[in-house]
Amino acid sequence: QVQLVESGGGLVQPGGSLRLSCAASLASFSIYEMNWYRQGPGKQRDLVATISSRHSTNYADSVKGRFTISRDNAKNTVYLQMNSLKPDDTAVYYCNAKIPLVVGHNYWGQGTQVTVSS
């Protein structure tokens, strides 16, 4: 059974940093596109960052220059380094793994709460 387990969330002051991790029990992890989404209070779930199987990355405009997504295929883990955090970054952050255009290979973690507040 596929599992994605996020960790690293918590309470941080504005301007602070956190690093999220997502450990995946996926065979052939390296071929998956890995994504971080977030869902703030009363908001829809939005895509934050993507890293492809070839390690190319994309970011939502709201986090460009502040967040960095990376992956370690040897550890089946994807990371999200979050710097210069703002109160608007408060959300539950979800890890997602998928193989684009292939049905049946789309998995989600349970989410980790990030709260940015003084």
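Heads up: the structure comes first, above all this text.
Below is a summary of the structure that appears in this document. Source: prediction; values computed, not measured. (Residues numbered from 1 in each chain as written. Predicted model: local features only at pLDDT ≥ 70, side-chain atom pairs only at ≥ 80, totals over all residues. Heavy atoms only, no water.)

Glancing now at the pairing of strand β11 (residues 112-116). The alternating pattern of β11 places Thr112, Val114 and Val116 on a buried face and Gln113 and Thr115 on a face that is not buried. Where strand β2 (residues 10-12) lies against β11, three bridges are found, and the strand directions are parallel. Following the sheet pairing, Leu11 is matched in β11 by Thr115. Of the pairings in the sheet, the one linking strand β9 (residues 91-98) to β11 comprises three bridges and is antiparallel in character. Looking at the pairing, Tyr93 lines up with Thr112 of β11. (Buried < 20%, exposed > 50% of the residue type's maximum accessible area, 1.4 Å probe, protein only. Helix = DSSP H or I, 4+ residues; strand = E, 2+ residues; numbered from the N terminus. Pairing = 2+ DSSP bridges.)

Looking now at the packing of aromatic side chains. Evaluated as defined, the whole model comprises two aromatic pairs. Summarising the aromatic geometry, the rings of Tyr37 and Trp108 are spaced 4.9 Å apart at their centres and angled 55° between planes, so their arrangement reads as tilted. Taken as a pair, Tyr37 in strand β4 (residues 33-39) and Trp108 in strand β10 (residues 106-108) lie far apart in primary sequence, 71 residues in all. Stacked on the ring of Tyr94, the Lys or Arg Arg45 has its end atom at 3.7 Å from the ring centre. Sitting over the face of the ring of Phe29, Arg71 holds its NZ or CZ atom 4.8 Å from the ring centroid. (Phe/Tyr/Trp six-rings, centres within 6.5 Å; stacked < 30°, edge-to-face > 60°. Lys NZ or Arg CZ within 6 Å of the ring centre and 35° of its normal.)

Membership of the largest hydrophobic core comes to 28 residues, with the highest contact counts inside it found for Met34, Trp36, Phe67, Val78, Leu80, Met82 and Tyr93. Within the residue set of this core, elements represented by two or more residues are β3 (18-24), β4, β5 (45-51), β7 (67-72), β8 (77-82), β9 and β11. (Core = buried A, V, L, I, M, F, W, Y, C linked by side-chain atoms within 4.5 Å.)

For the rest of this paragraph, the subject is the pairing of β3. Among the seven residues that make up β3, five are buried, leaving the element largely enclosed by the rest of the structure. Pairing geometry for strand β1 (residues 4-7) and β3, over four bridges, is antiparallel. By the bridge assignment for β3, Ser7 is matched with Ser21. Pairing geometry for β3 and β8, over six bridges, is antiparallel.

One pass over the structure, following the stated rule, counts four salt bridges. The salt bridge involving Lys98 is made with Glu33; its shortest N-O contact spans 3.8 Å. With Lys98 in strand β9 and Glu33 in strand β4, the pair connects residues that are 65 residues apart, well separated along the chain. Across the salt bridge formed by Asp89 and Arg66, the nearest N and O atoms sit 2.7 Å from each other. With a gap of 23 residues between them, Asp89 in the loop between β8 and β9 and Arg66 in the loop between β6 (57-59) and β7 connect regions that are remote in the sequence. Here Asp89 matches Arg66 in class, with each residue buried. Because the salt bridges share partners, they merge into one network encompassing Arg38, Arg66 and Asp89. (Salt bridge = Lys/Arg side-chain N within 4 Å of Asp/Glu carboxyl O.)

Note that all results are geometric; they support no functional claim without further evidence.
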